[in-house]
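# Structural overview
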Amino acid sequence: MKNAWGLRVVLRKDKMKDGGRCPLHWEATVNGQVFKFSTGKVIELKHWDNLKKEAKKGCGYSMVLNGYLRNTINDYEEYMIGLENKEIPLSKKKLEVFFRGEKKVTFYDFFERTVKRWEGDKKPSTINSYLNTLKIMKLMDSDVDFGDIDYEFINKWDYYLKTERNNKVMGRFNRHKCLKAIIKEAMLQGYMTKTPYLHFKIKKQESKREFLPIEEVKRLMELELPTKHIRLQRSKDMFLFCCFTGLRYSDVVRLTWRNIQLDADETKGILTIEMMKTSKEVKTALIPTAIEILQRYRRDSLDKPIFDHISNQAVNRNMHVLMRLVGINKRITFHCSRHSFASNHLEVDTSISKLKDMLGHADISQTQIYAKNLDKGLVDSMNNLAAAYA
């Protein structure tokens with residue numbers, strides 16, 4: 001829809017000052033709405049030509065004042081046409097930028113300000129992902145306004161990520177995801193009217209969910225390591241514990257004895273923890289092999305982490321070593337323990353709905369990635385898994 005806008009100067013007789021001097025105001029109309037701004041100028045009533053909307057010839061300052069009024073109107077028309085050409089929404093905020101000389105907010109200004117506002121609400125790693133996306137965008141193009149973000153720009157951004165940054169499909173997907181979220185926020189705040197992603201398909205590579213089937217988990221369980229390899233043993237125990245519980249790395253490193261409730265003979269138990277990624281509480285029955293691992297890391301304190309800290313990168317390196325030692329030719333990372341937990345539960349006929357709860361998934365479609373629909377109870381499911389590993 002074409003915008004209707006205009007600008008005229010108005011003599012404010014209702015604000016007449018001593019000596020018959022009246023202030024001049026700008027009256028801007030945008031799609032039927034009227035906005036008024038001061039010019040900072042005054043003129044005596046007798047020197048104003050209300051028909052021509054300018055100072056009468058002959059008064060001492062007519063040339064200067066009329067020149068200012070004409071130049072402002074010309075600049076305003078150029079400014080508004082520029083906004084329209086870039087498909088930037090016409091709003092009071094945009095008029096204030098022009099008339100009050102406020103600092104123009106660029107897309108990058110908005111991007112940075114929005115991410116700053118999100119701090120505290122989003123995880124530090126998520127904030128860093130947004131900031132890295134902004135940094136890369138500035139390397140591609142140092143000056144970007146809202147009107148520059150169109151379909152052509154998105155294609156240029158995708159090509160830059162692919163050729164200059166050598167980003168694979170998932171790397172580009174995550175960068176597009178960040179930019180798309182910022183654009184959505186810009187639309188909500190009236191800086192943009194439509195998303196350029198409407199006709200741009202963000203490709204997401206179907207990742208192969210590598211896992212260890214039950215027989216391979218058993219091979220790792222049977223691996224005996226020299227006592228001097230403390231960190232390798234800890235990596236093995238943490239990985240196996242997550243094969244039996246479905247915890248992520250970010251949760252197992254925070255696990256304390258307060259999260260564990262064992263029965264009287266300590267052969268059965270329940271693990272309850274709030275997941276870091278989703279802030280959702282999950283509850284999982286502990287099978288005996290998982291409890292055996294925990295018993296090796298008994299602590300006097302209920303609040304200290306059960307497993308001494310080891311970085312995700314280090315534990316992934318250790319997983320490569322462990323896979324070589326047991327003769328498994330797969331690229332196994334620590335997160336594959338969670339995939340193993342899910343896939344092996346399905347192998348022993350755990351219901352997809354129960355598995356969803358144990359994994360802490362918000363949507364069952366996330367769980368259905370692992371397999372087909374089945375149906376059994378939570379404790380029965382864990383008993384089946386325990387029997388499989390026996």
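Refer to the structure printed above.
Predicted model only: the values in this text are computed from it and were never measured. Residues take numbers from 1 onward in each chain, read along the sequence in its written order. With the structure being a predicted model, the display of local features is reserved for residues of pLDDT at least 70 and the display and counting of side-chain atom pairs for 80 or more, all residues being used for whole-chain, interface and lining totals. Note: side-chain values were computed over all heavy atoms of the structure, leaving out hydrogens and water.

## With respect to the packing of helix α7 (residues 214-222) against helix α8 (residues 230-245)
- Working convention: axes come from line fits to C-alpha atoms, limited for helices to the stretch in contact. Angles between N-to-C directions cover 0 to 180 degrees. Strands here mean DSSP runs of E at least two residues long; helices mean DSSP runs of H or I at least four residues long; both are numbered from the N terminus. Contact geometry of α7 with α8 gives a least axis separation of 11 Å together with a crossing angle of 145°. Remark: the crossing between α7 and α8 carries left-handed chirality. Contacts between α7 and α8 pair Val-217, Leu-220 and Met-221 from the former with Lys-236, Phe-239, Leu-240, Cys-243 and Phe-244 from the latter.
- Put simply, Ala, Val, Leu, Ile, Met, Phe, Trp, Tyr, Cys and Pro go in the nonpolar bin, Asp, Glu, Lys and Arg in the charged bin, and everything else, Gly too, in the polar bin. By residue class, the composition of the contact of α7 with α8 is seven nonpolar, no polar and one charged. If you view the pair so one helix is near and one far, a crossing is left-handed when the near helix is turned anticlockwise from the far one by less than a right angle, and right-handed when it is turned clockwise. Note on contacts: a residue pair is in contact if any heavy atoms of the two residues lie within 4.5 Å.

## Focus: the sheet that holds strand β3 (residues 33-44)
- The strand order across the open sheet built from three strands is β1-β2-β3, with neighbouring strands paired in antiparallel fashion. Whereas interior strands pair on both sides, the edge strands pair on one side only; in this sheet they are β1 (5-11) and β3. Taken over all neighbouring pairs, the strand axes of this sheet differ in orientation by 20° on average, direction set aside.
- Pairing of β1 with strand β2 (residues 21-30) involves seven bridges; the strand directions are antiparallel. Across the sheet, residue Leu-7 finds its bridge partner in β2, namely Ala-28.
- Relative to β1, helix α1 (residues 62-85) is tilted by about 155°, and along the sheet it contacts β1, β2 and β3.
- In the packing of helix α2 (residues 92-99) onto the sheet, the strands contacted are β1, β2 and β3, and the crossing angle to β3 comes to about 20°. Strands are treated as partners if at least two bridges between them are detected by DSSP.

## Details of unusual backbone geometry
- With phi around 50°, Asn-31 is a residue other than glycine that occupies positive phi space.
- Position of Asn-31 among the secondary structure elements: in the loop between β2 and β3.
- Burial status follows relative accessibility: with a 1.4 Å probe on protein chains alone, a residue under 20% of its type maximum counts as buried, one over 50% as exposed, and anything between as partly exposed. Residue class for Asn-31 comes out partly exposed when judged on its relative accessible area of 38%.
- The backbone phi angle of Lys-53 is positive, close to 55°, even though this residue is not glycine.
- Tracing the chain through its elements places Lys-53 in the loop between β4 (48-49) and β5 (54-55).
- Overall, Lys-53 belongs to the partly exposed group, its relative accessible area being 28%.

## Let's talk about the packing of α8 against helix α11 (residues 312-326)
- Put simply, α8 and α11 touch, their axes get as near as 9 Å, and they point 90° apart. Accordingly, the angle class assigned to the pair α8 and α11 is roughly perpendicular. In contact with Arg-231, Leu-232, Ser-235, Lys-236 and Phe-239 of α8, α11 contributes Ala-314, Val-315, Asn-318, Met-319, Val-321, Leu-322 and Leu-325.
- Looking at side-chain class alone, the contact of α8 with α11 contains eight nonpolar, two polar and two charged residues. For classification purposes, an angle smaller than 35 degrees is called roughly parallel, one larger than 145 roughly antiparallel, one from 65 to 115 roughly perpendicular, and anything else oblique.

## Section: the side chain of Ser-337
- Its location among the elements puts Ser-337 in helix α12 (residues 336-347).
- Given a relative accessible area of 0%, Ser-337 falls into the buried group.
- By the criterion applied in these results, polar contacts are pairs of N or O atoms within 3.5 Å in which, for protein atoms, one can donate a hydrogen and the other can accept it, and in which residues neighboring in sequence qualify only through two side-chain atoms. One polar contact links the side chain of Ser-337 to the main-chain carbonyl oxygen of Phe-334, over a distance of 2.7 Å.
- Apart from residues lying up to four places away in sequence, Ser-337 is in contact with Phe-239, Cys-242, Cys-243 and Leu-247.

## A word on the sheet that holds strand β6 (residues 260-262)
- Here three strands make up an open sheet; going across it, the order is β6-β7-β8 and the pairing antiparallel. Looking at which strands have only one partner, the edges of the open sheet turn out to be β6 and β8 (281-286). The average undirected angle you get between the axes of adjacent strands in this sheet is 15°.
- Pairing geometry for β6 and strand β7 (residues 269-274), over three bridges, is antiparallel.

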